[in-house]
Amino acid sequence: MKIKILFVGLNGATANTFVAGILATKAKKGTLNGCVTDLKEFSQLELPKLNDFSFGGWDIIKSSVIEAATAHAILPQLIIDAIPRESNIDALPGWKSKFDPPLLKEPNNLLPEMPLTEIVSQFEQDIKKAKHDADCDSCIVVLLGPPLREFSEAMQSLLSVEDLEQAIAQDRKNIVPSPLVYALAGIRQGCAILDFTANKTLEIRALVSLAERCKVPIAGRDGSTGQTYLKHGIATLLGMRGLAIKGWYSANILGNQDGYVLNMPEFAVTKMQDKTAALNKHCGLGPDTHVVDISYYRPRGDNKESWDSIDFTGWFDLPMQLKLNWLGRDSILAGPLLLDLCRLLAYELKAGTSGIQSHLAFYFKCPLGRGIPYSPFEQINLLKKRFNL
């Protein structure tokens, strides 16, 4: 099985670390730890190996994989140096909508101004060529990138495939966010769509209907790489002991592109909802008892630090506290999740599964689908149940 993975945001920290890390590992430098699909119980599944994957994608910043990896400085230089020069990849030109945030770097790899129909057609041609050149059986389009402004009009008006096609034909750029265009092109070309961002692209009903019509799987959203994953686990454990959570304060600092954008309130709305909604519902908390702060602090780069202070009670309602300090590397934590998801979506493509893949809830802060359990312990069981493990 040969799989082409096309990233929207190929030169961003997450996609670049993923691609550069795998290319270096293929060259026998380093090991990739942290994948659920590498656990023994998943060995019975016929999942793609590293050598089955090839990569490409789009970015509005022009750079090669090696140049971007050197600039991000997330991976050790000896890992970057191990990437074969013949494996180096240049990003295809991308598209920026009115919903996109300002970037730390000025875009220099944009498509020329053209109607939406031509933009979608260009991305479809890019996908066809990528699949042909790599002689691939299937393809996965991965949506990455920073949070966008809310695109509520698209959510409310693009209810059917016909609505979506009409909006594209009428060049309604005022309601169409950039990820929607990439997802549309991917679905039309039979690609699985993976949304690792906080954006609600795959909650647009027209896209879900189109994925079902075209018989392709989709999964998302908002990859759960660290703090929120731990919060849901700790809340579950305290609840299993009958200990009542009375309040939760979370603080974060990070100095990457996401941190820069999330410091702007108009771009942080959906992310903050994703970080609070599930815990609030599970524990009965609200805006004055569950507070999340995210601050941009440039010296940390991709190395995120978070603090949690949890107030809970036990017998006689006597107060107690739990403190947690998390020092993580955002892209290093995201890498194994993306590899798991690409392997599992490739499996679903081969199986002919279509629509929302709710059994992949374990990997997301705000998983798509209905009736999804809150606890990560139950979510991993949901994943195993899908594959009879």
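Residues numbered from 1 in each chain as written. Predicted model: local features only at pLDDT ≥ 70, side-chain atom pairs only at ≥ 80, totals over all residues. Heavy atoms only, no water.

Visitor: Explain the pairing of strand 5 (residues 192-195) to me, using residue names and the numbers behind them.
Guide: In strand 5, alternate side chains face the same way, and those of Ala-192 and Leu-194 on one face and Ile-193 and Asp-195 on the other are all buried. Inspection of the sheet shows strand 4 (residues 138-143) paired to strand 5 by four bridges, in the parallel sense. By the bridge assignment for strand 5, Ile-140 is matched with Ala-192. Bridge count between strand 5 and strand 6 (residues 217-220): three bridges; the pairing is parallel. Paired with Ile-193 across the strands is Ile-218, a residue of strand 6. For the crossover from strand 5 across helix 8 (residues 205-213) to strand 6, the handedness is right-handed. (Buried < 20%, exposed > 50% of the residue type's maximum accessible area, 1.4 Å probe, protein only. Helix = DSSP H or I, 4+ residues; strand = E, 2+ residues; numbered from the N terminus. Pairing = 2+ DSSP bridges. Right-handed = clockwise from strand over helix to strand, strands pointing away.)

Visitor: Tell me about helix 6 (residues 161-169), and please be specific about residues and values.
Guide: Residues of helix 6 that are buried include every one of Val-161, Leu-164, Ala-167 and Ile-168, and no others. Viewed along the axis of helix 6, the buried residues span an arc of 125 degrees, placing them on a single side of the element. Each element contacted by the buried residues of helix 6 is listed here: helix 4 (116-134), helix 7 (178-188) and helix 8. Immediately beyond the C-terminal end of helix 6, within one or two residues, lies Asp-171, with a positive phi of roughly 60 degrees. (Arc of directions from axis to C-beta. Contact = heavy atoms within 4.5 Å.)

Visitor: Which residues make up the sheet that holds strand 7 (residues 244-254), and what values do they have?
Guide: Pairing in this open sheet of four strands is mixed, and the strands run 8-7-9-10 from one edge to the other. Of all the strands in the sheet, the pair left with one neighbour each is strand 8 (290-296) and strand 10 (319-329). Neighbouring strand axes in the sheet, compared pairwise and without regard to direction, differ in orientation by 10 degrees on average. Here eleven bridges tie strand 9 (residues 303-313) to strand 10, and the two strands are oriented antiparallel to one another. Its bridge partner lying in strand 10, Ile-310 is registered against Leu-322. Sitting on the sheet, helix 11 (residues 265-283) is in contact with strand 7, strand 8 and strand 9, with an inclination near 160 degrees to strand 8. Against the sheet, helix 12 (residues 330-351) makes contact with strand 7, strand 9 and strand 10, and its axis sits at roughly 85 degrees relative to strand 10, the strand it touches most. (Axes fitted to C-alpha atoms, helices over the stretch in contact; angles between N-to-C directions.)

Visitor: Outline the packing of helix 9 (residues 227-240) against helix 11, supporting the account with residue identities and numerical values.
Guide: Where helix 9 contacts helix 11, the axes come no closer than 10 Å and their chain directions differ by 5 degrees. Taken as axis vectors, helix 9 and helix 11 run roughly parallel relative to one another. Note on element contacts: helix 11 touches helix 9 through Lys-275, Ala-278, Leu-279, His-282 and Cys-283, opposite Gln-227, Thr-228, Lys-231, His-232 and Ala-235. For the contact of helix 9 with helix 11, a count of residues per class yields four nonpolar, four polar and two charged. (Parallel < 35°, antiparallel > 145°, perpendicular 65-115°, else oblique. Nonpolar A, V, L, I, M, F, W, Y, C, P; charged D, E, K, R; others polar.)

Visitor: Help me get a handle on the pattern of salt bridges, residues and values and all.
Guide: What the rule picks out here adds up to 15 salt bridges. In this structure, Lys-271 and Asp-222 form a salt bridge, with 2.9 Å as the shortest nitrogen-oxygen distance. Of the two residues, Lys-271 is situated in helix 11 and Asp-222 in the loop between strand 6 and helix 9; the sequence distance between them amounts to 49 residues. Of the two residues examined, Lys-271 and Asp-222, each falls in the buried class. Overlapping salt bridges bring together Glu-113, Asp-171 and Lys-173 as one network. (Salt bridge = Lys/Arg side-chain N within 4 Å of Asp/Glu carboxyl O.)

Visitor: Which residues make up the environment of Met-272, and what values go with them?
Guide: Note on placement: Met-272 falls in helix 11. Linking Met-272 and Ala-334, residues 62 residues apart in sequence, is a C-alpha distance of 19 Å. Excluding residues that lie within four positions of it along the chain, Met-272 makes contacts with Val-292 and Ile-294.

Visitor: Residues and numbers for a nonpolar patch on the surface, please.
Guide: Nonpolar side chains collect at one region of the surface, where Leu-237, Met-240 and Phe-377 lie side by side and expose about 320 Å² of accessible area between them. Inspection of the secondary structure assignment puts Leu-237 in helix 9. Overall, Leu-237 belongs to the partly exposed group, its relative accessible area being 44%. (Patch = residues over 30% accessible without salt bridge, like charges linked within 9 Å, V, L, I, M, F, W, Y side chains within 5 Å. Areas by Shrake-Rupley, 256 points an atom, 1.4 Å probe, with all protein chains shown as cover.)

Coordinates in, geometry out; function isn't part of it.
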